[in-house]
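# Observations on the model geometry
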Amino acid sequence: MSDPQERGAWSSKIGFILAGAGSAVGLGAIWRFPYYTGENGGAIFTLAFLICCFFIGYPVMIAELTLGRNTQKNPVGMFKKLAKGGGWKWLGGLCILSGFTIFAWYSIIAGWVVGYLYKTAIGTFSEVRDANMISSMFDQFSASGVTVSSLHALIILMTAFVVYRGVKSGIELLSKLLMPLLFLLLILLAIRSITLEGAADGLKFYLYPDFSKVSGMMILKAMGQALFSLSLGMGTMITYGSYLSKKENIPVSAAWITFFELLVCILAGLVIMPAVSAMGQSYTEGPDLIFKVLPSIFGQMPGGYYFGVGFFVLVIIAALTSTVSILEVPVAYFVDEKHWSRKKAVIFVGFIAYLIGTPAALAHGASDFWSNLAGIKGGFFTIISTVFGDISLSIGAFFIAIFVGWLWGVEKATTEIKSEENGITVSEFPIKKYWSFLIKFVAPVTIAIVFGYTMWKTFIGL
Ligand code: PHE
């Protein structure tokens, strides 16, 4: 006998895991993880990243989803409802601000991917074999302010269109079909990359930890990357959790999302690191890294043209399912709390994000001022993507952990996770003890130590 309710629950569970994974899997895994790994010492960074995912990311994801499902609200509305007295409003505000700013710089990189799709499709790289030439082609590309700014606008418009029209389910359906393709392609590319001549060095860099590279900043970046790539610390998972049905098992869904994300990160590293050494490029290239290495990999495999085009298309889709989830946070805020129309909210946030993003778009060579701001490589881009991308997410995750662990309390959270009503438990929660310990102690204490130590060292300099 068919039970419609049960079938409904099952399919919505898959739908939710896909939406969550769609938010998580994006440029964070494919573009940012490889370049952070390159800049921060290779395998040791990956190790710190994995530890942060398990001990901070996973428990915070459960916490965020639980807060969202319990209140059915955006981050600001959620704190209003659960924290009487308004003392936590600022944290909701920080989530919204992170949403704006991350959207602003993230869409620049997504724009680069569109540019590279175009270049690949018209055969720009088909004839070029020289790795240094490929590298300088990117420098030229990223320094062209008009192109980069136009592509930035294009991504903002595409995302705004999706969020406005609410065709999210369409995009999710698409990502459902295309995600497996992305995995497959990454696996093939990794095989090609590992078998390139000169790949051994990169593999070693990626797989054998060098403990002399441990530093506060490295761990802060690993922590920031763990939160960023799992879409945590700014309320995306609170907002996504608010659409979740009581029947769904939060810890299991969160585990799947984390698993998919980690898989893509690890594979992306396996594609990029060996290729960096094989092409004689530098691990510490920064945000340019994948753009300088990938065209060479495509150039050295049979059917590389098609792999290249396919790859960039898939990355754009992965990026869009993430930008949609980032934009959704400030938009949900304006719609729920300020009673704006969805259209007005989308136009406003998109426009402001474009303005904030413009100096960052010009910080890769187009403008000397923005490119070298404060004497930092990558200038304004590096600054906002670190402040809103590592630091703000760490602050957000810290307070979310404190809030759930100590104020709202693990007991209330557990009742929500188990969906207990009238003595009936919908979802078992066997890892309750483990999770409570992580969310009350391990996550906040680790974040506070790493954050406090790094800020102290950077600004006070002892
Ligand atoms: N997790 C996304 C990625 O890795 C980025 C993101 C960050 C999405 C924060 C939502 C919130 O691409």
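A short tour of the structure in this document, coming up. This structure is a prediction, so every number in the text was calculated from the model and none was measured.

## Here's the deal with the site of the ligand
The local shell around the ligand holds 14 residues, among which Ala 24, Gly 28, Tyr 106, Phe 228 and Ser 231 are the closest. A distance of 3.2 Å separates a nitrogen atom of the ligand from a polar backbone atom of Ser 23. Within the backbone of Ala 24, one N or O atom sits 2.9 Å away from an oxygen atom of the ligand. Coverage of the ligand by the protein amounts to 100% of the 320 Å² it exposes when considered alone. Among the secondary structure elements, those contributing two or more residues to the shell around the ligand are helix H1 (4-24), helix H2 (27-39), helix H10 (216-229) and helix H14 (304-337). When residues in the shell around the ligand are grouped by element, the largest group, three residues, is from H14. Residue composition of the shell around the ligand, by class: six nonpolar, eight polar and no charged.

## Describing H14
Structural remark: α-helix, 3.6 residues per turn; residues separated by three or four positions point the same way. Over its 34 residues, H14 runs 49 Å from end to end, which matches the ideal 50 Å to within 8%, given 1.5 Å per residue. Judged by how many residues are buried, H14 sits mostly within the fold: 26 of 34 residues are covered. The first or second residue beyond H14 is His 339, which carries a positive phi of 55 degrees.

## Here's the deal with the packing of aromatic side chains
Here the distance between the centres and the angle between the planes together describe a pair of aromatic rings. Scanning the model with the defined rule gives 46 aromatic pairs in all. With centroids separated by 6.1 Å and ring planes inclined at 50 degrees, the aromatic side chains of Trp 31 and Trp 105 adopt a geometry described as tilted. Linking Trp 31 in helix H2 with Trp 105 in helix H5 (residues 89-121), this pair joins segments that are 74 residues apart in sequence. Trp 105 shares its class with Trp 31; the two are buried. Seen in terms of ring centroids, Trp 112 and Phe 138 are 5.1 Å apart; in terms of plane orientation they differ by 75 degrees. Their pairing is edge-to-face. With Trp 112 in helix H5 and Phe 138 in helix H6 (residues 131-142), this residue pair connects regions lying 26 residues apart in the sequence. For the residue pair Trp 112 and Phe 138, the accessibility class agrees, reading buried in each case. Through successive ring pairs, a cluster of aromatic residues spans Trp 31, Phe 33, Tyr 35, Tyr 36, Phe 45, Phe 49, Trp 105, Tyr 106, Phe 228 and Phe 381. It is Arg 32 that lies over the ring of Phe 228; its NZ or CZ is 4.4 Å from the centre. The ring centre of Trp 406 lies 4.6 Å from the NZ or CZ of Lys 440, which sits over that ring.

Cut-offs and rules
Residues numbered from 1 in each chain as written. Predicted model: local features only at pLDDT ≥ 70, side-chain atom pairs only at ≥ 80, totals over all residues. Heavy atoms only, no water. Near = heavy atom within 4 Å. Polar contact = N/O pair within 3.5 Å; in protein donor to acceptor, adjacent residues only side chain to side chain. Areas by Shrake-Rupley, 256 points an atom, 1.4 Å probe, with all protein chains shown as cover. Helix = DSSP H or I, 4+ residues; strand = E, 2+ residues; numbered from the N terminus. Nonpolar A, V, L, I, M, F, W, Y, C, P; charged D, E, K, R; others polar. Expected span 1.5 Å × (residues − 1). Buried < 20%, exposed > 50% of the residue type's maximum accessible area, 1.4 Å probe, protein only. Phe/Tyr/Trp six-rings, centres within 6.5 Å; stacked < 30°, edge-to-face > 60°. Lys NZ or Arg CZ within 6 Å of the ring centre and 35° of its normal.

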